[in-house]
Amino acid sequence: MAVTLPEPVRVSPLIKTCRWTALGLGIWWGTKRYAALKAEEDEIRAYNAKMKPIWDAEKAAKAAASNREQMIYLAKESGTPIPEGF
Amino acid sequence: MAALVKKLPGLIATAKEVGTPKLMTFWKYAKVELAPPSPADIPVAIGDLSTKIANAQKQSFRKWTVNQAVVNTVVGLEVACWFFIGECIGKGSLGGYQV
C-alpha cells in the first residue's frame, strides 16, 4: 500500500438527512407494497385452489363426452356393433 | 472435502489477516461519509433545505456551470438510489417482489 488515501469527505448534513430519510422511506414503501401484493396473490392462489376440483371435473366430463363421440364414430365407420347404453 | 475442512482454520486466519486492514480502511471512511445525520445535523439540514427550495423557486439553477449541474444531478441520483436500496430491503429481495 504505497499510496496514501485522501481524507474522508465531510458530507453536508442535508445530503445525509436526505439519504437516510430516503432509505427509511424505501424500506417502509417496500414492506407496504410487499404486503399488498402478497395479499392479492394469496387471494388468487386461494381462488385457484378452490376452483381446481370443479375445473378438473368439468374437464374430465368434457373429455369423457368427446371420447364417447369418437368411439361411436369409429364403431360406425368400422361396422362394430355398439353395446347397449353406451 | 476432508482436505478442505482441514485447511479451513488456516484459510479463515489468512482471510482475517488480509481482510482486517481493508475493513478498517472501509470503516474509517464509512464512519464519516456514510454515517446517519446526528441530532445536531437535522436543524442545519432543514435550514439548508429551505435555502435550496428558495433557489429552485428563483431558478438559480439556470446559472449553474455544466460541472455544477453534473455534480448536483449525480448527487440527486445517489439519494434516489438509497430509496431503491431501502425498497429492496423492505420487500426482502434484490430483484422483484417474491409474493
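Residues numbered from 1 in each chain as written. Chains lettered and ligands numbered in written order. Predicted model: local features only at pLDDT ≥ 70, side-chain atom pairs only at ≥ 80, totals over all residues. Heavy atoms only, no water.

Draft legend 1. Main features of the layout of surface pockets. Put simply, the largest pocket is a space of about 420 Å³. What lines the largest pocket is a set of 15 residues, and nearest its centre among them are Leu14 of chain A together with Lys52, Trp64, Asn72 and Val75 of chain B. Listed by contribution, the elements that provide at least two residues to the lining of the largest pocket are helix 1 (13–78) of chain A together with helix 2 (41–57) and helix 3 (66–91) of chain B. Per-class residue counts for the lining of the largest pocket are eight nonpolar, five polar and two charged. (1 Å grid on protein atoms, 1.4 Å probe; cavity = no way out; pocket = protein on both sides within 12 Å on 5 of 7 lines; lining within 4 Å. Points joined across faces, edges and corners; volume = space filled by probe spheres on them. Helix = DSSP H or I, 4+ residues; strand = E, 2+ residues; numbered from the N terminus. Nonpolar A, V, L, I, M, F, W, Y, C, P; charged D, E, K, R; others polar.)

Draft legend 2. Highlighting the pattern of salt bridges. Summed over the entire model, instances satisfying the criterion amount to five salt bridges over all chains. For Lys16 of chain A, the salt bridge goes to Asp41 of chain B, with nearest N and O atoms at 3.2 Å. With one member in each of two chains, Lys16 of chain A in helix 1 and Asp41 of chain B in helix 2 form a pair that bridges those chains. For Lys52 of chain A, the salt bridge is made with Asp56 of chain A, and the minimal N-O distance between the two is 3.0 Å. Here Asp56 of chain A and Lys52 of chain A lie together in helix 1, a separation of four residues that amounts to about one turn. Lys52 of chain A gets classed as partly exposed once you look at its relative accessible area, which sits at 48%. Sharing partners across several salt bridges, the network here consists of Lys38, Asp42 and Arg45 of chain A. (Salt bridge = Lys/Arg side-chain N within 4 Å of Asp/Glu carboxyl O. Buried < 20%, exposed > 50% of the residue type's maximum accessible area, 1.4 Å probe, protein only.)

Draft legend 3. Summary view of helix 3 of chain B. Counted at 1.5 Å a residue, the expected span for helix 3 of chain B with its 26 residues is 38 Å, and the 37 Å between its end C-alpha atoms agrees. Inspection of helix 3 of chain B places Val79, Trp82, Gly86, Glu87, Cys88, Gly90 and Lys91 of chain B among the buried residues, and these make up the whole buried set. Contacts from the buried residues of helix 3 of chain B go to helix 1 of chain A. One or two positions beyond helix 3 of chain B, positive phi appears at Gly92 of chain B, with a value near 75°. (Expected span 1.5 Å × (residues − 1). Contact = heavy atoms within 4.5 Å.)

Draft legend 4. Molecular detail of the packing of aromatic side chains. Inspection of every chain in the model, using the stated rule, returns five aromatic pairs over all chains. Between the NZ or CZ atom of Lys91 of chain B and the centre of the ring of Tyr97 of chain B, over which it lies, the distance is 5.1 Å. (Phe/Tyr/Trp six-rings, centres within 6.5 Å; stacked < 30°, edge-to-face > 60°. Lys NZ or Arg CZ within 6 Å of the ring centre and 35° of its normal.)

Draft legend 5. Region of interest: the interface of chain A and chain B. Residue-level contacts link 29 residues of chain A with 29 residues of chain B. For the pair chain A and chain B, the summed buried area comes to about 2700 Å², and 73% of that belongs to carbon and sulfur atoms. Together, Leu14, Arg19 and Trp20 of chain A form the three largest contributors to the area buried by chain A at its contact with chain B, with a combined 23%. Counting every contact that joins chain A to chain B gives two salt bridges. For Arg19 of chain A, the salt bridge identified is with Glu78 of chain B, shortest N-O distance 3.0 Å. Taken together, the residues that form the side of chain A that touches chain B break down as 17 nonpolar, four polar and eight charged. (Buried area = accessible area lost by both parts, 1.4 Å probe.)

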